[in-house]
Amino acid sequence: MNILLTGGTGYIGSHTAIELIKAGYKIHIVDNLSNSNIDMLDRIEKISGTRPEFTNLDLTNQKDVKHFFERYNDFEGVIHFAALKSVGESVKMPLKYYKNNVVGLYNLLTAIKNHKINNLVFSSSATVYGTPEILPVTEESPIGYTPSPYGATKQMCERIIEDFTSSLATFEAISLRYFNPIGAHDSGLIGELPTGTPNNLMPFITQTASGIREKLSVFGSDYNTSDGTAIRDYIHVSDVAIAHVHAIRFIISNNENIHHKVNIGTGIGSSVLEIIRSFEKTTGIKINYHLTDRRAGDVEAVYADVSYAKELLGWKSIYNIDQMTKSAWIWEKALRNL
Ligand code: UD1
């Protein structure tokens, strides 16, 4: 069964490629390599024993997308990762984000329609909930205001998929709303590759530990939480990857005309200080950090109700926080030759 992965050389895409190959799927990756490296294919091959088919494709180029699907038209389903994901950059360059994330999806759906592909798994985000009023967050929670263009693109893409699904009797989609994916593959061969100064907590911690950053700023210590720092639902990237295998298997075998939305988290909230302590415990390295002001736009606490993922897809996470922080460090060490 042939599955198309857009953005398959990226952080979550590459981990998913490995899990799909392990599960027996044939995959074809398309990526424009704007935020990833072609050597990812060697790494996927090394880990899984299979080299995925690859085409360098920019989804915002409608002509190229059309040609690609004319050439390759045997896809049973599509998993759509290709998108830009830096919250801060999206505020500075909103048009870049709307073009890449929204126009990219538009071109992909046009091809999906023309080639009668019936199954789509979409990379969404917990950011669609904005500031949730009730915790844990269920899929029934209202879509809230998201201050960043990045968050707005995820909301818009979900809406487009919703309307697209309603318009085609045989089409089914699943939007996976990821909470905070962190960590790296057990092999230490693939992981997150942030460009420039990381915005996210985990790569900032590993880069502080490896000496690239001098000090970690903990944003906010006056939240109404047990230790005053903000709470998130961190989930190991391989757990997120396996969720995609469950999702694509589910929609291919289930012929319903529905757009499902599913939370992908562990259901457990951890504070920033708990993540730092876990990292220090599993690696034996002290993190140089200081408590600073809250970061604009940050929410006090967000964690998932994950019961629907279990019910619909038969999936739940396996890795705990210590395994997540440890794997992140193994990857960082390999990357920096430490
Ligand atoms: C953000 C995005 C989310 C995106 C995710 C992964 C929002 C609302 N959410 O989540 O859509 O999917 O990134 O790309 O924009 N922190 C520090 N010091 C740091 C970095 C972070 O204390 O140097 C804290 C933050 O204040 C936050 C927690 O660590 O409390 C997690 O931050 P981060 O990793 O950036 O993820 P989110 O902001 O939760």
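Residues numbered from 1 in each chain as written. Predicted model: local features only at pLDDT ≥ 70, side-chain atom pairs only at ≥ 80, totals over all residues. Heavy atoms only, no water.

**Points about the layout of surface pockets**
Here is step 1: Volume-wise, the second largest pocket comes out at about 170 Å³.
Here is step 2: Contributing to the lining of the second largest pocket are Tyr 129, Thr 131, Pro 132, Glu 133, Ile 134, Pro 136, Thr 138, Ser 141, Pro 142, Ile 143 and Gly 144.
Here is step 3: Each residue belonging to the lining of the second largest pocket can be placed in one class, and the counts come to 6 nonpolar, 4 polar and 1 charged. (1 Å grid on protein atoms, 1.4 Å probe; cavity = no way out; pocket = protein on both sides within 12 Å on 5 of 7 lines; lining within 4 Å. Points joined across faces, edges and corners; volume = space filled by probe spheres on them. Nonpolar A, V, L, I, M, F, W, Y, C, P; charged D, E, K, R; others polar.)

**Things to note about the packing of aromatic side chains**
Here is step 1: Counting across every chain of the model gives 7 aromatic pairs.
Here is step 2: Seen from their ring centres, Phe 68 and Phe 69 are 5.3 Å apart, and the 90° between their planes marks the pair as edge-to-face.
Here is step 3: For Phe 69, a relative accessible area of 1% puts it in the buried group.
Here is step 4: Taking 5.8 Å as the distance between ring centres and 80° as the angle between the ring planes, the aromatic pair formed by Phe 279 and Trp 329 counts as edge-to-face. Residue Phe 279 is found in helix H9 (residues 272-283), and its partner Trp 329 is found in helix H11 (residues 321-335); the two are separated by 50 residues along the sequence. (Phe/Tyr/Trp six-rings, centres within 6.5 Å; stacked < 30°, edge-to-face > 60°. Buried < 20%, exposed > 50% of the residue type's maximum accessible area, 1.4 Å probe, protein only. Helix = DSSP H or I, 4+ residues; strand = E, 2+ residues; numbered from the N terminus.)

**Notes on unusual backbone geometry**
Here is step 1: Pro 136 follows Leu 135 through a cis peptide bond whose omega is -10°.
Here is step 2: Despite not being glycine, Leu 33 shows a phi value in the positive range, around 60°.

**Describing the pattern of salt bridges**
Here is step 1: In the structure shown here, the tally under the stated rule is 16 salt bridges.
Here is step 2: Measuring nitrogen to oxygen at the nearest pair gives 3.5 Å for the salt bridge that ties Asp 39 to Arg 43.
Here is step 3: Overall, Asp 39 belongs to the partly exposed group, its relative accessible area being 31%.
Here is step 4: Judged by its relative accessible area of 26%, Arg 43 is partly exposed.
Here is step 5: With a shortest N-O distance of 3.2 Å, Lys 66 and Glu 70 are connected by a salt bridge. Linking Lys 66 with Glu 70, this pair stays in helix H3 (residues 62-71), spanning 4 residues, or about one helical turn.
Here is step 6: Note on Glu 70: relative accessible area 44%, which makes it partly exposed.
Here is step 7: If you follow the salt bridges from partner to partner, you end up with Asp 42, Glu 45 and Arg 51 in one network. (Salt bridge = Lys/Arg side-chain N within 4 Å of Asp/Glu carboxyl O.)

**Describing empty space enclosed by the protein**
Here is step 1: Tallied over the full model, the rule gives 2 cavities of 30 Å³ or more.
Here is step 2: Of the volumes computed, that of the largest cavity is approximately 100 Å³.
Here is step 3: If you trace the largest cavity, you find 14 residues lining it, with Glu 192, Pro 203, Thr 206, Ala 328 and Trp 331 closest to the centre.
Here is step 4: Class assignment of the residues belonging to the lining of the largest cavity gives a composition of 8 nonpolar, 3 polar and 3 charged.
Here is step 5: Each pocket or cavity is described by its volume, and for the second largest cavity that value is around 30 Å³.
Here is step 6: A per-element tally of the lining of the second largest cavity places helix H6 (residues 149-167) first, with 3 residues.

**Some words on the side chain of Gln 207**
Here is step 1: Along the chain, Gln 207 turns up in helix H7 (residues 201-209).
Here is step 2: The residues contacting Gln 207, other than those within four sequence positions of it, are Pro 194, Pro 198, Ile 212, Arg 213, Glu 332 and Arg 336. (Contact = heavy atoms within 4.5 Å.)

**Section: the packing of H3 against helix H5 (residues 94-114)**
Think of two packed helices as two axes; the pair is described by the angle between the axes and how far apart they sit.
Here is step 1: Following both chains from N to C, one finds H3 and H5 inclined at 30°, their axes separated by 10 Å at the closest point. By the angle between their directions, the pair H3 and H5 is classed as roughly parallel. As for the relative orientation of H3 and H5, their crossing is right-handed in sense. Within the contact between the two elements, H3 uses Gln 62, Val 65 and Phe 69 and H5 uses Tyr 106, Asn 107, Leu 108, Thr 110 and Ala 111.
Here is step 2: In the contact of H3 with H5, the residues fall into 5 nonpolar, 3 polar and no charged. (Axes fitted to C-alpha atoms, helices over the stretch in contact; angles between N-to-C directions. Parallel < 35°, antiparallel > 145°, perpendicular 65-115°, else oblique. Left-handed = near helix turned anticlockwise from the far one by under 90°.)

**Notes on the packing of H9 against H11**
Here is step 1: Relative to each other, H9 and H11 sit at 65°, their axes nearing to 8 Å. Taken together, the axes of H9 and H11 are roughly perpendicular relative to one another. Two packed elements cross with a definite hand, and for H9 against H11 that hand is right-handed. Where H9 abuts H11, its residues Ile 275, Ser 278, Phe 279, Lys 281, Thr 282 and Thr 283 lie against Ile 321, Asp 322, Thr 325, Lys 326 and Trp 329.
Here is step 2: Counted by class, the contact of H9 with H11 contains 4 nonpolar, 4 polar and 3 charged residues.

**A few points about the site of the ligand**
Here is step 1: Close to the ligand lie 19 residues, the nearest being Leu 201, Ser 217, Arg 232, Arg 295 and Asp 298.
Here is step 2: Take Arg 295: an N or O atom from its side chain is 2.9 Å from an oxygen atom of the ligand.
Here is step 3: Contacts to the ligand include Asp 298, whose side-chain N or O atom sits 2.5 Å from an oxygen atom.
Here is step 4: At the level of secondary structure, the elements contributing two or more residues to the shell around the ligand comprise H7 and strand E8 (216-219).
Here is step 5: A total of 4 residues in the shell around the ligand trace back to one element, the largest contributor, which is E8. (Near = heavy atom within 4 Å. Polar contact = N/O pair within 3.5 Å; in protein donor to acceptor, adjacent residues only side chain to side chain.)

It is worth stressing that arrangement in space is one thing and function is another; only the former is reported here.
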